[in-house]
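# Topology and contacts: notes
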Amino acid sequence: MNDVSCLAEPLTLPCGAVVKNRILKSAMSEVLGTPSHAPQPGMANVYRTWAQGGLGVAVTGNVMIDRRALGEPGNVVIEDERDLAALQDWASAGTEGGCQLWMQLNHPGKQAPKFLNTETVAPSAIGFGKALSTAFGVPRELTETEIEALIVRYGTAASVAKKAGFSGVQIHGAHGYLVSQFLSPRHNQRQDGWGGSLDNRARFVREVYRSIRDAVGPNMPVSIKMNSADFQKGGFDEDDSMTVMTWLEEAGIDLIEVSGGTYEAPAMAGMVKRSTSEREGYFLDFVGKAKERLSVLLCITGGFRTPAGMVQARQEGAEMVGLARTLCIQPGFPNQVLAGEDVVSGVKRLSTGVKAVDRIATLEVTWYENQLARMASGKAPNPRMGAWSSFATTAARMGLQSFRMRRAK
Ligand SMILES: Cc1cc2nc3c(=O)[nH]c(=O)nc-3n(C[C@H](O)[C@H](O)[C@H](O)COP(=O)(O)O)c2cc1C
């Protein structure tokens, strides 16, 4: 039996909401949206299964705030109340047993694939390097009026989430999407009040937070997932990250989920530094350092595979521990951890054995999406699903366009 009492304790957030334990399901894009970007009915099955699995918080996959800017086929989009009934079904299933369900809100900025979008926008008109430029176009620089309209959109989506019965919202501020592009001096080279100094680069995220907080009121959890660093030359670094976290703490954010990386440097999936990816908790060092400077509540996500690793994260100062891929194959993992069982995550590197196919198939993403599709249709996940079989399933389920390069994570 493991002593996991530090994972079982309830947590009171600054807004007053109480989370029943310290395990958070991190956002995973489900690609379970209908062609008009409403949640499919199967979404409720997936989230009911997760709620029953013992989580304190489940964060949804990224929900887009603008249908002109999609990250993947099958994204859910919220611009108004047109899909309220479907959102209510999702919320009521995902909050069973007192699980908190937080909707992650996102705009991809320039990480919006060409085949899905007619035009992409970003803080600055800076394209990606060679490896990603065939999939992602050079963006157009946002005007100030457009920036202000996007900030309003985050608030609108948050108020619809609240009305539908979601318990909280999370800003996707990590992984190189729009908020993260604004924060990065490499991707944001604006000369106006939205670029330049860190204070200016962080203005967008602070305004997004304010817009959401105004929309949902003081008692609903508002969180952000943020990069500890971008792991890119000239990008958002650890010092910047801690400073922005201080500002968000002062502004009243309830919890910061720590991750890292972008499509160009996928640290969030453990694909950057070998020494880091080989142990549990890719961003553990950062959390230790951050806790010396900040008192904001932190959740750490990335690489956790055992109860011992999760307990260590709590001992290093993280108030919550996030899990993603494990929950696609072991949705009952939190209950097993909390029962003190010696459970180990079955997550492993996936490969068809042919590098080119692995790359085209974005296997690390599509294999997990196929597990979610099984859960959506009422089946249990199949951890033994082979890489080739996943490739065929994706082709049959979503067509060949799903293999076009879209996301790293
Ligand atoms: C299929 C898939 C989709 C993902 N979608 C998102 C997303 O929408 N938003 C997000 O913040 N992170 C997303 N991630 C990243 C995870 O939340 C998490 O940060 C990462 O997988 C590392 O955690 P893990 O080692 O427990 O899987 C996704 C990961 C996977 C595998």
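Structure's up top.
Residues numbered from 1 in each chain as written. Predicted model: local features only at pLDDT ≥ 70, side-chain atom pairs only at ≥ 80, totals over all residues. Heavy atoms only, no water.

Helix and strand counts for the protein come out as 17 helices and 13 strands. Whereas a compact globule of 409 residues would reach a radius of gyration of roughly 22 Å, the protein reaches 19 Å, a difference of no more than 12%. Here the C-alpha coordinates of the protein stretch approximately 55 × 45 × 45 Å along the principal axes. The burial tally for the protein puts 61% of its 409 residues in the buried class. The contacts in the protein between residues at least 6 apart in sequence include a share of 70% that link residues at least 24 apart. Element-wise, carbon and sulfur atoms account for 52% of the exposed surface of the protein, whose accessible area totals about 14,900 Å². For the protein, the distance from the average site of its 44 positive side-chain charges to the average site of its 41 negative ones is 7 Å. (Helix = DSSP H or I, 4+ residues; strand = E, 2+ residues; numbered from the N terminus. Rg over C-alpha atoms; globule rule 2.2 N^0.38 Å. Buried < 20%, exposed > 50% of the residue type's maximum accessible area, 1.4 Å probe, protein only. Contact = heavy atoms within 4.5 Å. Areas by Shrake-Rupley, 256 points an atom, 1.4 Å probe, with all protein chains shown as cover. Lys, Arg positive; Asp, Glu negative; His and termini not counted. Charge placed at Lys NZ, Arg CZ, Asp CG, Glu CD.)

Taken together, 20 residues form the shell around the ligand, and within it Ala-27, Gln-104, Lys-225, Gly-303 and Arg-325 come nearest. Between the ligand and Arg-305 there is a distance of 3.0 Å, counted from an oxygen atom to a side-chain nitrogen or oxygen. Note that an oxygen atom of the ligand is positioned 2.9 Å from one of the backbone N or O atoms of Ala-324. Computed on the free molecule, the ligand has an accessible area of 610 Å², of which 100% lies beneath the protein chains in the complex. A class-by-class count of the residues in the shell around the ligand yields six nonpolar, nine polar and five charged. (Near = heavy atom within 4 Å. Polar contact = N/O pair within 3.5 Å; in protein donor to acceptor, adjacent residues only side chain to side chain. Nonpolar A, V, L, I, M, F, W, Y, C, P; charged D, E, K, R; others polar.)

Let us look at the nonpolar core. Counting residues in each nonpolar core, the largest one holds 98 residues, and the members touching the most others are Leu-105, Phe-204 and Ile-212. In terms of residue count, helix H5 (residues 144-164) provides more of this core than any other element does, nine residues in total. Once you skip the residues sitting within four places of it in the chain, Ile-212 turns out to touch Leu-105, Tyr-154, Gly-155, Ala-158, Val-169, Ile-171 and Val-222. Among the nonpolar cores identified, the runner-up in size contains 14 residues, and Val-59, Trp-102, Leu-255 and Met-320 belong to it. (Core = buried A, V, L, I, M, F, W, Y, C linked by side-chain atoms within 4.5 Å.)

A few words now on the side chain of Ser-180. Tracing the sequence through the fold places Ser-180 in helix H6 (residues 178-183). Using a relative accessible area of 3% as the deciding quantity, one classes Ser-180 as buried. A polar contact of 2.9 Å, which involves the side chain of Ser-180, links it to the backbone nitrogen of Gly-176. Aside from chain neighbours lying at most four places away, what touches Ser-180 is Gly-173, Ala-174, His-175, Asn-227 and Asp-230.

Quick look at the packing of aromatic side chains now. Counted by the stated rule, this structure contains eleven aromatic pairs. Pairing Tyr-177 with Tyr-263 gives two aromatic rings, centres 5.7 Å apart and planes at 85 degrees, and the pair type is edge-to-face. Note that Tyr-177 is positioned in the loop between strand S9 (168-173) and H6 and Tyr-263 in the loop between strand S11 (255-259) and helix H10 (274-277), a separation of 86 residues in sequence. Across this residue pair, the class does not change: Tyr-177 and Tyr-263 are buried. Arranged with centres 4.3 Å apart and planes meeting at 20 degrees, the rings of Phe-182 and Phe-204 form a pair that is stacked. Within this pair, whereas Phe-182 is found in helix H6, its partner Phe-204 is found in helix H8 (residues 203-216), the two being separated by 22 residues in sequence. Under the relative-accessibility criterion, Phe-182 is labelled buried at 1%. Judged by relative accessible area, Phe-204 falls into the buried class, the value being 0%. In this structure an aromatic cluster arises from ring pairing among Tyr-47, Trp-50, Trp-90 and Phe-166. Its end group placed over the ring of Phe-128, Lys-110 keeps NZ or CZ at 5.4 Å from the ring centre. (Phe/Tyr/Trp six-rings, centres within 6.5 Å; stacked < 30°, edge-to-face > 60°. Lys NZ or Arg CZ within 6 Å of the ring centre and 35° of its normal.)

Next up on the list: the environment of Glu-280. Note that Glu-280 resides in the loop between H10 and helix H11 (284-293). The sequence separation of Glu-280 and Met-310 amounts to 30 residues, and the corresponding C-alpha distance is 8.3 Å. Beyond its immediate stretch of four places on either side in the chain, Glu-280 contacts Gly-303, Phe-304, Arg-305, Thr-306, Gly-309 and Met-310. Within the structure, the side chain of Glu-280 is placed 2.7 Å from the backbone nitrogen of Arg-305, a separation counted as a polar contact. At a separation of 2.4 Å, a polar atom in the side chain of Glu-280 contacts the side chain of Thr-306.

Another point: the environment of Arg-203. Position of Arg-203 among the secondary structure elements: in helix H8. By relative accessible area, which is 29% here, Arg-203 ends up partly exposed. With 41 residues separating them in the primary sequence, Arg-203 and Val-244 have C-alpha atoms 9.8 Å apart. Not counting residues up to four positions away in its chain, the partners in contact with Arg-203 are Gly-193 and Trp-194.

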